[in-house]
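Residue-level listing of the chains:
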Amino acid sequence: MVAVQDTIKDVHALDVDKYKYGFVTDIESDKAPKGLNPDIIRFISAKKNDPEWMLELRLKAYERWLEMEEPTWAKVNYDPIDFQDIHYYAAPKSDADRPDSLDDVDPELLRTYEKLGIPLVEQALLAGVKNVAVDAVFDSVSVVTTFKENLAEAGVIFCPISEALQTHPELVKKYLGSVVPMADNFYATLNSAVFTDGSFVYIPEGVRCPMELSTYFRINEANTGQFERTLIIAEKGSYVSYLEGCTAPMRDENQLHAAVVELIAMEDAEIKYSTVQNWYPGDSEGKGGIYNFVTKRGDCRGANSKISWTQVETGSAVTWKYPSCILRGDNSVGEFYSIAITNNHQQADTGTKMIHLGKNTRSRIISKGISAGQAQSTYRGLVNIHPKAASARNYTQCDSLLIGDKCGAHTVPYIESRSPSAVVEHEATTSKLSEEQLFYCRQRGLSEEESVALLVNGFCRDVLQQLPMEFAVEAQKLVSISLEGSVG
Amino acid sequence: MPLKPMSVQPTQKQTTLRVAASQGDIEKPYLDACERVLAEGVRESDWLKAHRREGIERFKAYGFPHRRVEAWKFTDLRPKMKEQFNLVRGQETPQHVVVTPFDETPSYRLFINDGVFESALSSVPKQNGVEIVTLRQSGQDLPAWVKDQLVSTASLSSGPMLELGTALMRDGLFIYIAEGTVLDRPLHVIFQTTSETAQYHTRLSIVLEKGVEATLLESHVSANGQASFHNQATQIQLGEGAILRHISVEATHKENLHVTSLNARLAQSASYTAMSAVSGGALVRTEAKIMLEGAGARTNLSGVYMLVETQHCDHTIVIDHAAPNCTSRQVYQGVLTESARGVFQGKVVVAKGAGGTDAHQLSRALLLSDKAEADAKPELEIYADDVKCSHGATIGELDREALFYLRARGIPLGQAKSLLIEAFLDDVVEGAADEVLSAPIKNHISNWLKEHEAQIIQEGHRP
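Criteria and thresholds
- Residues numbered from 1 in each chain as written.
- Chains lettered and ligands numbered in written order.
- Predicted model: local features only at pLDDT ≥ 70, side-chain atom pairs only at ≥ 80, totals over all residues.
- Helix = DSSP H or I, 4+ residues; strand = E, 2+ residues; numbered from the N terminus.
- Rg over C-alpha atoms; globule rule 2.2 N^0.38 Å.
- Buried ≥ 20, exposed ≤ 12 C-beta atoms within 10 Å, placed from the backbone.
- Contact = placed C-beta atoms within 7 Å.
- Pairing = 2+ DSSP bridges.
- pLDDT = per-residue confidence, 0-100.
- Nonpolar A, V, L, I, M, F, W, Y, C, P; charged D, E, K, R; others polar.

## Here's the deal with the overall build of chain B
Inference 1: Check the secondary structure of chain B and you find 11 helices and 20 strands.
Inference 2: Taking 23 Å as the expected radius of gyration for a compact globule of 463 residues, we find that chain B reaches 22 Å, a close match to that expectation.
Inference 3: With the C-alpha coordinates of chain B rotated into their principal frame, the extents come out at 70 × 50 × 50 Å.
Inference 4: The 463 residues of chain B split such that 54% are buried.
Inference 5: The long-range share in chain B, meaning contacts at least 24 apart out of those at least 6 apart in sequence, stands at 86%.

## Concerning the pairing of strand E14 (residues 306-313) of chain A
Residues and elements named next belong to chain A.
Inference 1: In terms of burial, E14 is largely enclosed, as eight of its eight residues are buried.
Inference 2: Of the two faces of E14, the one carrying Lys 306, Ser 308, Thr 310 and Val 312 and the one carrying Ile 307, Trp 309, Gln 311 and Glu 313 are both buried.
Inference 3: For strand E12 (residues 270-278) and E14, the ladder comprises eight bridges, and the chain directions are parallel. From the neighbouring strand, Val 276 faces E14, where its bridge partner is Val 312.
Inference 4: Bridge count between E14 and strand E17 (residues 333-342): eight bridges; the pairing is parallel. Across the sheet, residue Gln 311 finds its bridge partner in E17, namely Ser 338.

## Notes on the confidence of the model for chain A
Residues and elements named next belong to chain A.
Inference 1: Considering every residue of chain A, the mean pLDDT works out to 79; 76% of them sit at 70 or more.
Inference 2: Strand E19 (residues 353-356) holds the highest mean pLDDT among the elements of chain A, 96, whereas helix H5 (residues 120-125) holds the lowest, 41.
Inference 3: When the criterion is pLDDT under 50, residues 93-99 qualifies, and its contacts beyond four places in sequence or with other chains add up to 10 contacts.
Inference 4: Every residue in residues 217-224 scores below 50 in pLDDT, and together they form 31 contacts with partners more than four places removed in sequence or on other chains.

## Section: the interface of chain B and chain A
Inference 1: In this complex, chain B contributes 33 residues to the contact, which on the side of chain A involves 29 residues.
Inference 2: Taken together, the elements giving at least two residues each to the side of chain B that touches chain A come down to strand E19 (373-382) and strand E20 (387-396) of chain B.
Inference 3: When grouped by side-chain class, the residues that make up the side of chain B that touches chain A number 14 nonpolar, seven polar and 12 charged.
Inference 4: Across eight bridges, strand E24 (residues 423-432) of chain A lies against E20(B) in antiparallel orientation. Among the inter-strand pairings, A:Val424 is bridged to a residue of E20(B), identified as B:Ile395.

## Overview of the pairing of strand E6 (residues 187-193) of chain B
Residues and elements named next belong to chain B.
Inference 1: For E6, the tally of buried residues reaches seven of seven residues, placing the bulk of the element in the interior.
Inference 2: Examined bridge by bridge, strand E2 (residues 108-113) and E6 share six bridges and lie parallel to one another. Across the sheet, residue Arg 109 finds its bridge partner in E6, namely His 188.
Inference 3: Examined bridge by bridge, E6 and strand E8 (residues 213-222) share seven bridges and lie parallel to one another. Within E8, the position partnered with Phe 191 by the bridge is His 220.

Below is the structure:
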């Protein structure tokens with residue numbers, strides 16, 4: 001019996017070690033009671049000091065949400081979510097008076113960031129030297145925002161959306177919900193009702209954003225849903241690259257995340273949106289882990305605009321995510337580059353939608369799915385060519401790699417074309433890790449795990465190359481970490 | 001016959017959809033017809049009556065499919081089903097027999113008129129080891145193997161259309177070829193529609209025992225210009241190492257509805273090659289499920305379609321790799337002009353333990369007009385790691401450079417387009433059958449192109 005106990009302890013220790021960001025910061029939080037009803041929404045709205053129209057929008061979304069059914073079409077299985085057993089609002093105490101400098105910041109928080117590897121202190125010291133602004137989101141409330149001055153000089157607005165609601169309500173009102181309508185789908189509607197924070201980015205006409213914008217999200221409190229709302233507007237001729245990366249502490253109970261991201265690109269504008277998602281995937285038995293139900297959509301509103309999505313999905317127990325592009329403007333371009341790695345009991349159902357409406361619109365989809373352990377990974381995508389989208393062009397490639405005989409890889413593409421001059425091409429392959437290549441690496445003295453990491457990194461190369469420098473290195477490491485224990 | 005009856009259990013998801021579909025007025029006339037057939041079937045065995053009753057109950061539970069049923073996403077049958085189709089008795093021998101693409105090919109003709117087998121117009125092979133049974137002729141004494149086929153069809157292809165067919169079928173053709181039998185000619189099953197605005201529900205079942213090799217030709221033609229509704233169920237069962245080539249042509253009148261539920265089960269090392277050409281019908285849908293149950297089984301499915309006006313053609317295919325080292329190929333190519341719509345939904349499922357699977361899928365469509373539409377959904381569902389699976393899909397117009405090349409050499413537009421389309425389609429046909437069997441299909445394609453040259457030129461040409 002004692003031996004068994006020891007084994008359990010050992011295994012547990014291993015799991016904890018494996019997930020190196022698995023710790024919980026103990027900060028008393030300002031929480032709303034569990035459950036969802038109009039009062040909670042009013043509470044959130046009051047906390048956020050929403051304008052009146054925002055509260056109305058939230059309540060309307062809530063009413064629509066009550067009538068909606070949870071979608072069941074995705075190839076994922078999980079225990080039903082009790083939406084009344086979730087805290088819809090949690091904010092660190094320091095919300096009331098924001099710190100003027102890092103000295104005023106809760107040291108506990110700073111330590112958390114240090115463990116996460118965000119050298120905020122250094123960044124503050126080296127301001128202006130290192131060119132990355134971090135709008136660090138800690139449990140739904142932005143705590144520290146840096147490099148604002150630099151951005152302000154260029155005329156770029158980069159702030160928490162709750163702040164934007166105060167300072168630029170007219171912009172938020174004009175664009176919020178214009179890409180993902182309030183009642184778009186079950187999770188987006190829920191988000192519209194209860195979203196607490198997220199980023200707001202506005203790039204004025206002709207401005208090339210002087211630095212890569214990035215936000216680190218982190219879910220900290222147990223039982224707290226994280227409902228982010230991000231809105232990025234790129235005016236005529238502007239350019240912005242936005243990075244989003246996430247880690248979360250280890251928890252046994254499943255945590256719900258339902259974010260909404262809206263991108264708007266006007267004439268000649270370009271938005272590049274990169275994500276590295278590394279939330280807690282659950283332990284090797286499939287216990288715990290984040291439920292990640294995200295609605296991301298970009299609207300190429302003007303001619304010659306471009307939206308590019310790049311994602312590296314290694315975390316979460318369940319992923320349900322389809323970053324899409326609506327190619328409205330003539331000659332607009334949509335891109336989707338994705339790596340989805342699932343190990344142990346993870347499930348990912350992800351892909352994209354490319355809706356071609358304008359003439360000469362182009363889209364490219366490169367998706368790499370890797371399944372190991374008992375994981376299930378699905379690519380689900382739609383390419384739709386409208387009759388008016390003359391000479392539209394799409395190229396899709398989705399490859400799946402299987403490691404082990406207990407996992408699954410699935411491909412569900414929908415291709416609909418109503419334009420004779422459009423050319424739509426789709427290719428997909430599924431195969432296992434090549435034994436010859438593995439043998440070659442092993443023969444040259446690499447360990448099995450190193451070999452697998454090397455081969456998988458090679459398999460993903462097309463997508464990794466699309467990531468900005470800062471992320472590319474991190475992502476390659478992540479690919480290796482995610483597959484630890486999948487062979488041998 | 002090594003048949004395991006399976007129980008029919010619609011999944012949970014279908015149950016919820018059923019509620020959404022709610023029994024409408026559309027089903028009512030069909031359910032009434034079911035009751036009439038049941039009451040009239042005096043000569044039928046009690047077993048068959050019970051079997052029909054089960055079909056009715058299951059059809060009631062399903063209702064006609066609609067677009068929210070995933071397998072019917074691109075094909076909406078319900079509006080078409082509102083038309084009143086007469087349930088014909090098919091007792092009169094037809095006035096004239098329509099020409100089929102295989103008339104020149106030496107074969108045993110099995111003639112089915114309005115869903116009823118006509119022995120007078122058929123040439124049944126009289127050979128030991130070949131059994132051909134029809135539902136009507138066998139009356140009270142249904143052989144056990146025919147019953148097995150009926151049960152197996154019901155359990156393997158269960159769906160609303162098959163169940164409706166079980167309830168309403170007037171006749172069925174069952175073919176059994178014993179081990180060691182060699183047929184000297186292909187079997188040619190002709191389905192002809194003679195009565196006006198008729199509905200008929202048919203069964204075609206073929207069993208090949210171990211090592212048997214056979215060719216099955218299938219023609220669909222109509223003798224009138226009225227809309228009819230043909231609901232067909234085909235069951236194919238291949239024993240160890242058996243080989244079946246199955247070539248079908250759908251060339252009925254452009255008002256026709258034709259829905260087929262096809263099911264094939266392949267034992268070890270069996271091979272099933274199917275090739276179809278669709279140029280007829282207002283709405284033609286083939287829903288095929290190929291089950292590779294024995295190790296090393298192979299299937300090669302291909303099809304061409306040529307559609308004009310508002311014709312709608314749907315190929316929905318599921319290939320189930322249940323055993324190791326099986327091979328499957330799918331190639332579907334078609335040309336669409338005016339307001340035609342072509343749908344391809346192909347799914348390859350590789351079960352756990354089905355290592356060594358090699359599956360390939362290809363769907364290509366040519367759009368020749370602004371109003372035509374092509375939809376493709378090539379799906380892979382894989383639960384084994386030692387596999388080689390791939391699919392490709394393309395949708396586009398005729399190659400402009402190739403067209404320019406031909407035009408620059410003085411070939412008129414219509415002819416140039418026809419040439420390119422013919423090459424595009426013949427490619428599939430040549431890959432699927434030998435010369436003797438591919439020649440009739442190629443003729444059929446070439447005749448179609450001649451007849452429709454005007455429609456091909458006038459639409460959608462862009463400088």
